[in-house]
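One letter stands for each residue in the lines below.
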Amino acid sequence: MADEILLLPDIICETDTGLATVPLVRERAFAAWQHDIPQEYWTLDGPALTARVAAARRKLGNRLVVLGHHYQREDVIQFADFKGDSFKLARWAAEQRQAEYIVFCGVHFMAESADILSAPHQKVILPNMAAGCSMADMAGTDDVLAAWDDLQEVLGDTIVPVTYMNSAAALKAFCGRNGGVVCTSSNAQKVLAWAFAQKQRVLFFPDQHLGRNTGVKMGIPLEEMAVWDPRLPLGGLTREELERSRIILWKGHCSVHARFTVDQIREARERYPDVQVVVHPECSLEVVQAADYDGSTEFIAKIITEAPAGSVWAVGTEINLVSRLARENPDKTVFCLDPVVCPCSTMYRVHPAYLAWVVEELAAGRVVNQVTVDAETARWAKVALERMLETA
Ligand code: 13P
Ligand code: SF4
């Protein structure tokens, strides 16, 4: 475990109004629905926070486990007992029954899924409740329900709803109730193959890119993939377009992965003729097709870790993971395709001060920031999650 907190300088990040400088150390402005934590945590430096997290963990022993998504910052991921992509962490939550407390260093939809899949005696804690996912927010539950009604009217009972893991529990429950399923970036192709064995078509939300990239890999022509814009009547589509479609793609995207371009790949290849390019499938189809490989965060970590010394890797995913892979593989050249460093600002909201606060509260016998999904939602969301776990 590192004994020092790494505080990164301010970053440039994309906002609704363009690029802006965002202070990384205390993103208080973002924490609209995270209650303030005691002021003393903000006065502690890195080594002090590390020591306090470590002391609280010693006190809790194996009652506590810390899960960390690959995009977590260094000063947080250092505490993770298990690291992984969203699929690996969900599987862990479904299988490991010992720990009473699961502190999930990731974003809200991941913690919700862990709560749904874990045992009733386990409590899932998200250090900062403001750690959401802007892509998940692009599929509002009411909008999806309204789209589903419209689609049933036009296409009848021919559609399986498939939600990407990056979505609210209510949407996973909607899929569970309607014969649908959840997928992640590591199993989308298997899950879609399962869905097509059930019915003729798929409604895929919220990430149009993962849906399109997966459809293309399965040999589905682009003309048979329609994009549903929730702001327009009938998704902005004609009846003919809908009738022709095999995948109806929700118009959602990840703003971190939207930054990667084919030009960046061309420049990387010009600079390093031997470079291998690996990107996350949340990137556009053009970027995925220009890359050598695409896959989940776990796939990206594995392919680079197992690559021979001297190999060169240009990576199209979140910067915390890319920087970690560069540091952990000093015998290789690993760099981010995007010269503007743009972390996932919501993942970044899990600051070590929040982590210290939640674990010290647990050690004192108080549960704070517990993520809970109501029983009815959890029941149906679990159906859709378990269909994924059985398929993948
Ligand atoms: P993974 O499932 O590959 O970890 O991706 C999650 C995510 O949010 C990527 O942006
Ligand atoms: Fe959501 Fe994109 Fe962040 Fe992943 S990188 S958690 S999809 S905003």
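Summary of the structure given here. (Residues numbered from 1 in each chain as written. Chains lettered and ligands numbered in written order. Predicted model: local features only at pLDDT ≥ 70, side-chain atom pairs only at ≥ 80, totals over all residues. Heavy atoms only, no water.)

1. Comments concerning the overall build of the protein chain
Inference 1: Along the protein chain, the regular secondary structure elements total 16 helices and 15 strands.
Inference 2: Against the globule reference of 21 Å for 392 residues, the protein chain gives a C-alpha radius of gyration of 21 Å, in line with a compact fold.
Inference 3: Reported as C-alpha extents along the three principal axes, the dimensions of the protein chain are approximately 65 × 55 × 40 Å.
Inference 4: Here the protein chain, with 392 residues, has 57% of them falling under the buried criterion. (Helix = DSSP H or I, 4+ residues; strand = E, 2+ residues; numbered from the N terminus. Rg over C-alpha atoms; globule rule 2.2 N^0.38 Å. Buried < 20%, exposed > 50% of the residue type's maximum accessible area, 1.4 Å probe, protein only.)

2. Some thoughts on the sheet that holds strand E4 (residues 82-84)
Inference 1: Spatially, E4-E3-E5-E6 is the arrangement adopted by the 4 strands of the open sheet, whose pairing is parallel. Single-partner strands in this sheet number two, and they are E4 and strand E6 (123-125). Mean inter-strand twist for the sheet, computed between neighbouring axes without regard to direction, equals 25°.
Inference 2: As judged from the 3 bridges shared by strand E3 (residues 64-69) and E4, these two strands associate in the parallel manner. Of the residues in E4, the one forming a bridge with Leu67 is Phe82. (Pairing = 2+ DSSP bridges. Axes fitted to C-alpha atoms, helices over the stretch in contact; angles between N-to-C directions.)

3. Regarding the environment of Gln78
Inference 1: Along the polypeptide, Gln78 turns up in the loop between helix H3 (74-77) and E4.
Inference 2: The exposure class assigned to Gln78 is buried, which follows from its relative accessible area of 13%.
Inference 3: Residues Gln78 and Arg63, spaced 15 residues apart in sequence, show a C-alpha to C-alpha distance of 19 Å.

4. Describing the site of ligand 2
Inference 1: In the vicinity of ligand 2, the contacting residues are Tyr71, Cys133, Ser134, Met135, Asn166, Cys254, Glu282 and Cys344.
Inference 2: Taken together, the residues of the shell around ligand 2 break down into 5 nonpolar, 2 polar and 1 charged. (Near = heavy atom within 4 Å. Nonpolar A, V, L, I, M, F, W, Y, C, P; charged D, E, K, R; others polar.)

5. Things to note about the pattern of salt bridges
Inference 1: Scanning the model with the defined rule gives 20 salt bridges in all.
Inference 2: For the salt bridge of Glu74 with Arg327, the shortest nitrogen-to-oxygen distance reads 3.1 Å. Here the residue Glu74 occupies a position in helix H3, and Arg327 occupies one in helix H14 (residues 319-328), the gap between them amounting to 253 residues.
Inference 3: For Arg327, a relative accessible area of 46% gives the class partly exposed.
Inference 4: In this structure, the salt-bridge partner of Glu306 is Lys302, at a minimum N-O distance of 3.5 Å.
Inference 5: For Lys302, a relative accessible area of 47% puts it in the partly exposed group.
Inference 6: Here the salt bridges share partners, and the residues they tie into one network are Glu40, Arg52 and Glu360. (Salt bridge = Lys/Arg side-chain N within 4 Å of Asp/Glu carboxyl O.)

6. A short note on the sheet that holds strand E14 (residues 312-316)
Inference 1: On the basis of which strands lie adjacent, the open sheet formed by 4 strands has the order E13-E12-E14-E15 and parallel pairing. Edge positions in the open sheet fall to strand E13 (293-294) and strand E15 (333-336), since each of these has one partner strand only.
Inference 2: For strand E12 (residues 276-279) and E13, the ladder comprises 2 bridges, and the chain directions are parallel. Across the sheet, residue Val279 finds its bridge partner in E13, namely Asp294.
Inference 3: H14 contacts E14 and E15 of the sheet and is inclined by roughly 165° relative to E15. (Contact = heavy atoms within 4.5 Å.)

7. So, the site of ligand 1
Inference 1: Around ligand 1, the structure places His69, Tyr71, Asp85, Ser86, Asn166, Ser185, His257, His280, Glu282, Ser296 and Thr297.
Inference 2: His69 has a polar side-chain atom sitting 2.6 Å from an oxygen atom of ligand 1.
Inference 3: Across the complex, the protein chains shield 96% of the 310 Å² of accessible surface that ligand 1 would expose by itself. (Polar contact = N/O pair within 3.5 Å; in protein donor to acceptor, adjacent residues only side chain to side chain. Areas by Shrake-Rupley, 256 points an atom, 1.4 Å probe, with all protein chains shown as cover.)

8. A few points about the packing of aromatic side chains
Inference 1: Summed over the entire model, instances satisfying the criterion amount to 7 aromatic pairs.
Inference 2: Considering the side-chain rings of Tyr272 and Phe335, the 5.1 Å spacing of their centres and the 35° angle between planes classify their relative orientation as tilted. Residue Tyr272 is found in the loop between helix H11 (262-271) and E12, and its partner Phe335 is found in strand E15; the two are separated by 63 residues along the sequence.
Inference 3: Tyr272 gets classed as partly exposed once you look at its relative accessible area, which sits at 24%.
Inference 4: Taken together, the ring pairs connect Trp148, Phe174, Phe205 and Trp250 into an aromatic cluster.
Inference 5: When the ring centre of Phe196 is taken as origin, the NZ or CZ atom of Arg246, which lies over that ring, is 4.5 Å away.
Inference 6: Between the NZ or CZ atom of Arg271 and the centre of the ring of Phe335, over which it lies, the distance is 5.5 Å. (Phe/Tyr/Trp six-rings, centres within 6.5 Å; stacked < 30°, edge-to-face > 60°. Lys NZ or Arg CZ within 6 Å of the ring centre and 35° of its normal.)

9. Quick look at the nonpolar core
Inference 1: Counting residues in hydrophobic clusters, the biggest one holds 131 residues, and the most contacted among them are Val103, Val162, Phe204, Ile247, Ile304, Leu355 and Met388.
Inference 2: If we ignore the near neighbours within four places in the chain, the residues touching Phe204 are Val162, Cys183, Leu192, Leu210, Gly211, Ile247, Ile248, Leu249 and Trp250. (Core = buried A, V, L, I, M, F, W, Y, C linked by side-chain atoms within 4.5 Å.)

10. Some remarks on helix H15 (residues 352-363)
The α-helix advances 3.6 residues per turn, and as a result positions three or four apart in sequence lie on the same side.
Inference 1: For H15, which comprises 12 residues, the first-to-last C-alpha distance of 16 Å matches the rise-based estimate of 16 Å (1.5 Å per residue) to within 8%.
Inference 2: Of all the positions in H15, only Pro352, Ala353, Tyr354, Leu355, Ala356, Trp357, Val358, Val359, Glu360, Glu361, Leu362 and Ala363 are classed as buried. (Expected span 1.5 Å × (residues − 1).)

11. Examining unusual backbone geometry
Inference 1: For the peptide bond that leads from Phe205 to Pro206, omega is -5°, which places it in the cis range.
Inference 2: Within the fold, Pro206 resides in the loop between strand E9 (201-205) and helix H9 (208-217).
Inference 3: Look at Leu234: it is not a glycine, yet its phi comes out positive at around 50°.
Inference 4: The topology assignment puts Leu234 in the loop between strand E10 (225-228) and helix H10 (239-244).
Inference 5: A relative accessible area of 22% places Leu234 in the partly exposed class.
Inference 6: One non-glycine residue, Asn369, adopts positive backbone phi at about 55°.

As far as function goes, none of this settles anything; it's purely spatial.
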